[in-house]
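Per-entry structural report
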Amino acid sequence: MDCSKNSMIKKKNLTKAKPKIELTSKCIDKSPQDFLFVNHVNYLNKLSFWNLNEFNHEEMCRSNQQTVVKLINKKPIKLSSELKYFHCKKCDMMLIPGQTSRIRVKSKRQKHIVSTCLNCGEIKRYNLQ
C-alpha cells in the first residue's frame, strides 16, 4: 500500500484525531526556547480543540487559534503540515470534520480532498499524491 494512501486512511477518521506539531531537525539544533515555543503552540491547539469539541465555545477556540497564528508568524520554525489541515484562515476557526467542516474526496482532475468550513464557506483542496 502506498504511503500516501495509508496516511489518508488514517485521516479518514479525523473526528477523534487531534492536531499535533512535530519538531524538525533544524528546530532541535536551535535552542530550548524553541521547544517551549512548540509546546505552547501545541497546548493552544489542544485547548482550542477541547473548547470547541467538549464545551462548544467558538469564541474561545477562535481566540486560541488567532494566538497560534501570531506565535507561528513570530518564529521561523517549520511545523507539521497537520496544523494547516485543522485551521481555517478566513474565520480563524479550528476545523473538526463533521462539526465545523465538511470533508469530501473528489476525483475529477486528480484525486484530492476538499475541506469546506461550515462557518464561512472557505474551501481548501489537498492533493492525494
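Chains are numbered independently. Their residues run from 1 in the order of the written sequence. In keeping with the predicted nature of the model, local features appear solely for residues at pLDDT of at least 70, side-chain atom pairs appear and are counted solely at 80 or more, and the whole-chain, interface and lining totals rest on all residues. Based on all heavy atoms of the structure, the side-chain values leave hydrogens and waters out of the count.

1. Section: the overall build of the chain
This is how it is decided: The numbering of helices and of strands both runs from the N terminus, where a helix is a DSSP run of H or I of at least 4 residues and a strand a run of E of at least 2. Relative accessible area decides the class of each residue, using a 1.4 Å probe on protein chains only: under 20% of the type maximum gives buried, over 50% gives exposed, and in between gives partly exposed. Computed with the Shrake-Rupley method and a 1.4 Å probe, the accessible areas treat only the protein chains shown as cover for residues.
When helices and strands are counted, the chain shows 5 helices and 5 strands. Reading the chain from its N end, one meets helices and strands in the order α-α-α-α-α-β-β-β-β-β. When the 129 residues of the chain are sorted by exposure, 36% land in the buried category. Of the accessible surface of the chain, which amounts to about 8,700 Å², a share of 52% is contributed by carbon and sulfur atoms.

2. Notes on the nonpolar core
Under the convention used in this document: Nonpolar core, defined: a set of buried Ala, Val, Leu, Ile, Met, Phe, Trp, Tyr and Cys residues in which side-chain atoms within 4.5 Å join the residues together.
Membership of the largest hydrophobic core is limited to 11 residues, which are F49, L52, C61, F86, C88, C91, M93, M94, L95, I96 and C117. Contributing elements (two or more residues each) for this core: α3 (32–55) and β2 (93–94). Ranked by size, the runner-up nonpolar core spans 7 residues in total, among them F37, L44, V68 and L71.

3. A few points about the layout of surface pockets
Over the atoms rolls a probe the size of a water molecule, and in doing so it shows where empty space is left. Basically, it comes down to this: Cavity means a closed set of points on a 1 Å grid over the protein atoms alone, one where a 1.4 Å probe fits but cannot get out, pocket means an open set with protein on both sides within 12 Å along at least 5 of 7 lines, and lining means a residue has an atom within 4 Å of a point. Grid points are joined across faces, edges and corners, and a volume is the space filled by probe spheres set on the points. Each residue gets one label: Ala, Val, Leu, Ile, Met, Phe, Trp, Tyr, Cys and Pro are nonpolar, Asp, Glu, Lys and Arg are charged, and the others, such as Gly, are polar.
Approximately 340 Å³ is the volume attributed to the second largest pocket. Looking at the second largest pocket, it is lined by 15 residues, and the ones nearest its centre are I72, L83, K84, H87 and K89. When residues of the lining of the second largest pocket are traced back to their parent elements, those giving at least two are α4 (58–74) and α5 (82–85). Element by element, the count of residues in the lining of the second largest pocket is highest for α4, at 5 residues. Counted by class, the lining of the second largest pocket contains 6 nonpolar, 5 polar and 4 charged residues.

Interpretation in functional terms is not warranted from these geometric data alone.
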